[in-house]
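# Topology and contacts: notes
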Amino acid sequence: LTIAADIQKGVLIPPGSTDDILNFMRANWLVPVLLAVLFLVPIFYWNIWRKKGKDPEKSTIFPQFEPPAGLRPADVGYIHQQHYGSHLFVASLVDAAVQKQLEIEVNKGSSWFAGTEYNFNNVRHVASPSASVLMQRFGLDISALYGMQLKAGTYNSTLRSLYTSLETQLKNKFQLEKGHNKKEGYFSLNRGVIFWGAFLLFICFGASIVFLVQNFTVPLGIFAASSLVLLLIILIVFYRILPAYTIEGRKIADHIEGF
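Residues numbered from 1 in each chain as written. Predicted model: local features only at pLDDT ≥ 70, side-chain atom pairs only at ≥ 80, totals over all residues. Heavy atoms only, no water.

### Considerations on a positive patch on the surface
Together, Arg-50, Lys-51, Lys-52 and Lys-54 give the surface a local cluster of positive charge. You can see Lys-51 is positioned in helix H2 (residues 30-53). Overall, the relative accessible area of 72% leaves Lys-51 in the exposed class. (Patch = residues over 30% accessible without salt bridge, like charges linked within 9 Å, V, L, I, M, F, W, Y side chains within 5 Å. Areas by Shrake-Rupley, 256 points an atom, 1.4 Å probe, with all protein chains shown as cover. Salt bridge = Lys/Arg side-chain N within 4 Å of Asp/Glu carboxyl O. Lys, Arg positive; Asp, Glu negative; His and termini not counted. Charge placed at Lys NZ, Arg CZ, Asp CG, Glu CD. Helix = DSSP H or I, 4+ residues; strand = E, 2+ residues; numbered from the N terminus. Buried < 20%, exposed > 50% of the residue type's maximum accessible area, 1.4 Å probe, protein only.)

### What to know about the confidence of the model for the protein
The predicted coordinates ought not to be read in detail in places where the model reports low pLDDT. Across the protein, pLDDT averages 87, with 93% of residues at or above 70. Confidence, expressed as mean pLDDT per element, reaches its minimum in the protein at helix H5 (residues 131-138) with 80 and its maximum at helix H8 (residues 218-241) with 94. (pLDDT = per-residue confidence, 0-100.)

### Describing the pattern of salt bridges
A complete count under the given rule lists 5 salt bridges for this structure. Notably, a salt bridge pairs Glu-257 with Lys-58, separated by 3.1 Å at the nearest N-O pair. One end of the pair, Glu-257, is in helix H9 (residues 247-258); the other, Lys-58, is in the loop between H2 and helix H3 (73-81), and 199 residues separate them in sequence. By relative accessible area, Glu-257 is classed as partly exposed at 35%. The partner of Arg-250 in a salt bridge is Asp-254, with the nearest N and O atoms 3.0 Å apart. In this pair, Arg-250 and Asp-254 are both assigned in helix H9, 4 residues apart and thus about one turn of the helix distant. Take Arg-250 and Asp-254: they sit in the same class, and that class is buried. One salt-bridge network, held together by shared partners, links Lys-58, Arg-250, Asp-254 and Glu-257.

### Focus on the packing of helix H4 (residues 86-98) against helix H6 (residues 157-174)
Taken N-terminus to C-terminus, the directions of H4 and H6 make an angle of 100°; their axes are 10 Å apart at the nearest point. What the angle tells us is that H4 and H6 run roughly perpendicular. Residues Ser-86, Leu-88, Phe-89 and Ser-92 of H4 lie in contact with H6, whose contacting residues are Leu-159, Leu-162, Tyr-163, Leu-166 and Leu-170. Here the contact of H4 with H6 is composed, by residue class, of 7 nonpolar, 2 polar and no charged. (Axes fitted to C-alpha atoms, helices over the stretch in contact; angles between N-to-C directions. Parallel < 35°, antiparallel > 145°, perpendicular 65-115°, else oblique. Contact = heavy atoms within 4.5 Å. Nonpolar A, V, L, I, M, F, W, Y, C, P; charged D, E, K, R; others polar.)

### Observations concerning the packing of aromatic side chains
Tallying each qualifying case throughout the model produces 11 aromatic pairs. Ring geometry for Trp-46 versus Trp-49: centroids 5.1 Å apart, planes at 35°, classification tilted. Taken together, the residues Trp-46 and Trp-49, both in helix H2 and 3 residues apart, mark about one turn of the helix. Centroid distance Phe-195 to Trp-196: 5.1 Å. Interplanar angle 75°. Geometry classified as edge-to-face. (Phe/Tyr/Trp six-rings, centres within 6.5 Å; stacked < 30°, edge-to-face > 60°.)

### Observations concerning the sheet that holds strand S3 (residues 148-151)
Across the sheet, which stays open at both edges, the 3 strands sit in the order S1-S2-S3 with antiparallel pairing between neighbours. Among the strands making up the open sheet, the edge pair consists of strand S1 (103-107) and S3. Going across the sheet, the axis of each strand differs from the next one's by a mean of 20°, ignoring polarity. Bridge count between strand S2 (residues 117-121) and S3: 4 bridges; the pairing is antiparallel. Following the sheet pairing, Asn-119 is matched in S3 by Gln-149. (Pairing = 2+ DSSP bridges.)

### Digging into unusual backbone geometry
Even without being a glycine, Lys-100 presents a positive backbone phi close to 60°. Here Lys-100 falls in the exposed class, since its relative accessible area comes to 53%. Although it is not a glycine, Asn-190 sits at a positive phi angle of roughly 55°. Relative to the elements of secondary structure, Asn-190 occurs in the loop between strand S4 (187-188) and helix H7 (194-215).

### Comments concerning the environment of Ala-144
Turning to its location among the elements, Ala-144 is positioned in the loop between H5 and S3. Owing to a relative accessible area of 32%, Ala-144 belongs among the partly exposed residues under this scheme. Taking C-alpha positions, Ala-144 is 28 Å from Gln-81, a pair spaced 63 residues apart along the chain.

### Re a nonpolar patch on the surface
A surface patch of nonpolar side chains, amounting to about 610 Å² of accessible area, comprises Phe-195, Trp-196, Phe-199, Phe-202 and Ile-203. With relative accessibility at 44%, the residue Phe-199 sits in the partly exposed group.

Set out below in structure tokens:
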């Protein structure tokens, strides 16, 4: 049995272009979600950068023949680069050797497989200052290394403790962040807000997996992957540009660049 039903044109109104778009968005909800995130996240971080991450105007840089007064080598490196690393710790050790408060002997060994050894000693016939004086002068208690022998590639708890101590002191002295000196800091990293962007990236990644498992198509897969990569790039860019100097910190940084 065949039944034919005929409906004259105009009885049913076909969906327009707007309806088609809305229907597509409802069926593919991941698309508007990712587009909204990619639109709002840069606006949010741009406003944060304008309020907190924009450096004071840089002055004219001209040659300086002395570092900023009262700053140690590790201080200068930390303010200029705005991050801590083993290079600053080594700079403090070398500075102590230059100031004749530490003697560093390097023994490279007699074969290819023999590791380099470092011996730390007090300079002969030189009275060692107190631990507090050494801490103030170099950022760490150099006397804790006297008589110590270290082999490259091996762990040493004393060395690690001094490394961490120097990092803490530099942060407390120069970094303007919650939990640190808020009156005398020279710069702020402003990276706490990146946590929310990273959390949102994680949520978008999870939502993309859930959606694509049920509704996978190649175009949607490419769109989701491209959106997540673009969001990651946005977070990395703002992670790099959010640190900012204070007015006083900008002056010190300019002096360091001239030096």
